[in-house]
Amino acid sequence: MDIQALRATAQQLVAPAKGILAADESTGTMARRLESIGAESTEENRRDYREMLFRTVGASDYVSGVILYDETIRQKAADGTPLVEVLQAQGVIPGIKVDAGLTALPGAEGELATQGLDGLRERLAEYRELGARFTKWRALLNVGPAIPSSYAIEVAAHGLARYAALAQEAGLVPIVEPEVLMDGGHDVERCEEATEALLREVFRQLAVQRVALDGMLLKPNMVVSGSSAPNRARAQEVAERTVALFLRIIPPAMPGVVFMSGGQSDDDATTNLQAIAVAGAKAEAPWQLTYSYGRGLQALPLATWAGESANVKKAQRAFLHRCRVTSAARQGAYEPAMEKELAAV
Ligand code: 5MM
């Protein structure tokens, strides 16, 4: 394992002012996204939409890497250039989602497990050939009155560490994504409790399976209230709980935490990241705190594009705007007044 190379890539991905674009929606998820704007989910439409994002001039000032899906890493832009090369030409690092989605966890009602370990070593080698330099695997825990169970937590952490060890062996930086799902009416304490249990087990398994923490990144949820909770925690509380929890658990050797937006609105994802950046700086957090947003960066450009080629420029301005404000938040420099900038372009 070339740990120097892994460390260099991990550090590049969390470079100052930058973060990651998650564009790794599987075909089913992408179909739902396209349906939401009245567009058909054809291979060409999926390509056109992602090409629009990847060719946004200036976005590479804020986006260090893009997580791709299997279809996208093999796709060519309309002019025949591989999409991977479109990214590389701008100094953006291509990454790839390598889990194969979720399935029911046997014997655990309402709980899920991630699939995709079979044949992973071979798939990783192929993705490296195709240009990927980092990877992502997502484990998901639902929150309910009696869940997550310690069984689901162990299975999730074990899979994440198995994947991470294989990714490092293949020369790819693993992004380890343990998600406590925001869906539900649970309060912020419950999210914190589940996130703590999950992260503790994840770092235990990473150690057992000999993953080099300095050559990986963590993609967690923020500590937030459930999406239908009656009194949702505000940004200040989200930030204080998230940073304090991470300081208790995450070793300083790891270069960065790249948050998901995790179903928050793009406004909330920005405001909470801003508060986290401020709290992290105050606590002298030893890792970079930045973004690996899917919906948090894409909601506005997707709606603006609406499946029409005539809207490409406008949608690119919307994407660039979300990249700018999210980067500002990551630096603790976001102000709500920045939202007016979009109307001015
Ligand atoms: C949790 O979702 C990840 C981050 O995106 P958000 O910022 O929108 O939460 C994202 O990378 C996610 O893992 C993929 O989009 C999931 O795709 P599939 O289709 O596999 O669920």
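Located above this text is the structure these notes cover.
Here is a short report on the structure shown in this document.

Conventions used here
- Residues numbered from 1 in each chain as written.
- Predicted model: local features only at pLDDT ≥ 70, side-chain atom pairs only at ≥ 80, totals over all residues.
- Heavy atoms only, no water.
- Helix = DSSP H or I, 4+ residues; strand = E, 2+ residues; numbered from the N terminus.
- Rg over C-alpha atoms; globule rule 2.2 N^0.38 Å.
- Buried < 20%, exposed > 50% of the residue type's maximum accessible area, 1.4 Å probe, protein only.
- Contact = heavy atoms within 4.5 Å.
- Areas by Shrake-Rupley, 256 points an atom, 1.4 Å probe, with all protein chains shown as cover.
- Lys, Arg positive; Asp, Glu negative; His and termini not counted.
- Charge placed at Lys NZ, Arg CZ, Asp CG, Glu CD.
- Near = heavy atom within 4 Å.
- Polar contact = N/O pair within 3.5 Å; in protein donor to acceptor, adjacent residues only side chain to side chain.
- 1 Å grid on protein atoms, 1.4 Å probe; cavity = no way out; pocket = protein on both sides within 12 Å on 5 of 7 lines; lining within 4 Å.
- Sits in = over half its atoms within 2 Å of the grid points.
- Nonpolar A, V, L, I, M, F, W, Y, C, P; charged D, E, K, R; others polar.
- Phe/Tyr/Trp six-rings, centres within 6.5 Å; stacked < 30°, edge-to-face > 60°.
- Arc of directions from axis to C-beta.
- Axes fitted to C-alpha atoms, helices over the stretch in contact; angles between N-to-C directions.
- Parallel < 35°, antiparallel > 145°, perpendicular 65-115°, else oblique.
- Left-handed = near helix turned anticlockwise from the far one by under 90°.
- Points joined across faces, edges and corners; volume = space filled by probe spheres on them.
- Pairing = 2+ DSSP bridges.
- Salt bridge = Lys/Arg side-chain N within 4 Å of Asp/Glu carboxyl O.

**Thoughts on the overall build of the protein**
If you tally the helices and strands in the protein, you get 13 helices and ten strands. Over its C-alpha trace the protein gives a radius of gyration of 19 Å, about what one expects of a compact globule, namely 20 Å for 345 residues. Among the 345 residues that make up the protein, the fraction classed as buried is 56%. Sequence separation of 24 or more characterises 79% of the internal contacts of the protein that already satisfy a separation of 6 or more. If you sum the accessible surface of the protein, you get close to 14300 Å²; carbon and sulfur atoms cover 49% of it. The average position of the 36 basic charges and that of the 43 acidic charges among the side chains of the protein differ by 3 Å.

**A closer look at the site of the ligand**
By nearness alone, 18 residues border the ligand, and Ser26, Thr29, Lys136, Ser261 and Arg295 come closest of all. Taking Arg295, its side chain carries an N or O atom lying 2.6 Å from an oxygen atom of the ligand. Protein chains shield 91% of the accessible area of the ligand, which is 500 Å² for the free molecule. A molecule is said to occupy a pocket when more than half its atoms come within 2 Å of that pocket's grid points, and by this definition the ligand occupies the largest pocket. Secondary structure elements with two or more residues in the shell around the ligand: strand 6 (134-141) and strand 7 (173-180). Within the shell around the ligand, the residues separate by chemical class into three nonpolar, six polar and nine charged.

**Some words on the packing of aromatic side chains**
All told, the structure shown has four aromatic pairs when counted by the stated rule. Here Tyr49 and Trp305 contribute two aromatic rings whose centre-to-centre distance is 5.3 Å and whose plane-to-plane angle is 45°, an arrangement assigned as tilted. Here Tyr49, found in helix 3 (residues 43-54), pairs with Trp305, found in helix 11 (residues 295-305); they are 256 residues apart in sequence, far enough to count as distant. Relative accessible area serves as the criterion here: at 0%, Tyr49 is assigned to the buried category.

**Topic: the environment of Ala318**
With respect to the helices, strands and loops of the structure, Ala318 is situated in helix 12 (residues 312-330). Contact partners of Ala318, with chain neighbours within four places excluded, come to Leu300, Pro301, Thr304 and Leu342.

**Remarks on helix 1 (residues 3-13)**
For helix 1, the complete set of buried residues consists of Leu6, Thr9, Ala10 and Leu13. In a view along the axis of helix 1, the buried residues occupy a sector of 100°, so they form one face of it.

**A look at the packing of helix 9 (residues 235-249) against helix 10 (residues 266-282)**
Interaxial distance between helix 9 and helix 10 falls to 8 Å at its minimum, and their mutual angle equals 50°. As the angle between them shows, helix 9 and helix 10 are arranged oblique. In the crossing of helix 9 with helix 10, the sense of the turn from one axis to the other is right-handed. Across from Ala235, Gln236, Val238, Ala239, Thr242 and Val243 in helix 9, the residues of helix 10 making contact are Thr271, Asn272, Ala275, Ile276, Ala279 and Gly280. Tallied by class, the residues present in the contact of helix 9 with helix 10 amount to seven nonpolar, five polar and no charged.

**As for the layout of surface pockets**
What the largest pocket holds in volume is close to 690 Å³. Lining the largest pocket are 28 residues; nearest its centre among them are Thr29, Arg33, Arg138, Glu179 and Arg295. Looking at the lining of the largest pocket, the elements that each hand over two or more residues are helix 2 (27-36), strand 6 and strand 7. The residue makeup of the lining of the largest pocket, split by class, is seven nonpolar, eight polar and 13 charged. In this structure, the second largest pocket is lined by Val224, Ser225, Arg232, Ala233, Arg234, Ala235, Val238, Gln264, Asp268, Thr271 and Asn272. For the lining of the second largest pocket, the elements supplying multiple residues, two or more each, are helix 9 and helix 10.

**Topic: the sheet that holds strand 3 (residues 93-97)**
Think of a sheet as strands paired side by side through backbone hydrogen bonds, with each pair either parallel or antiparallel. Read around the closed barrel, the eight strands follow the order 1-2-3-6-7-8-9-10; overall the barrel is parallel. For strand 8 (residues 217-218) and strand 9 (residues 256-259), the ladder comprises two bridges, and the chain directions are parallel. Considered in strand 9, the bridge of Leu218 is made with Val257. Each of strand 9 and strand 10 (288-293) is contacted by helix 10, which is oriented at about 165° to strand 10, the strand it contacts most.

**Considering the pattern of salt bridges**
All chains considered together, the criterion is met by 24 salt bridges. A salt bridge links Glu201 to Arg204, with the shortest nitrogen-to-oxygen separation between them at 3.0 Å. Linking Glu201 with Arg204, this pair stays in helix 8 (residues 188-208), spanning three residues, or about one helical turn. Taking the relative accessible area as the measure of exposure, Glu201 reaches 12% and is therefore buried.

**Points about the packing of helix 2 against helix 11**
Direction vectors running N to C along helix 2 and helix 11 enclose 45°, while the axes themselves pass 9 Å from each other. The orientation of helix 2 with respect to helix 11, classified from their angle, is oblique. Across the interface between the two elements, Arg33, Leu34 and Ser36 of helix 2 pack against Arg295, Leu302 and Trp305 of helix 11. Partitioning the contact of helix 2 with helix 11 into residue classes produces three nonpolar, one polar and two charged.

The values reported here are purely geometric and, on their own, carry no functional implication.
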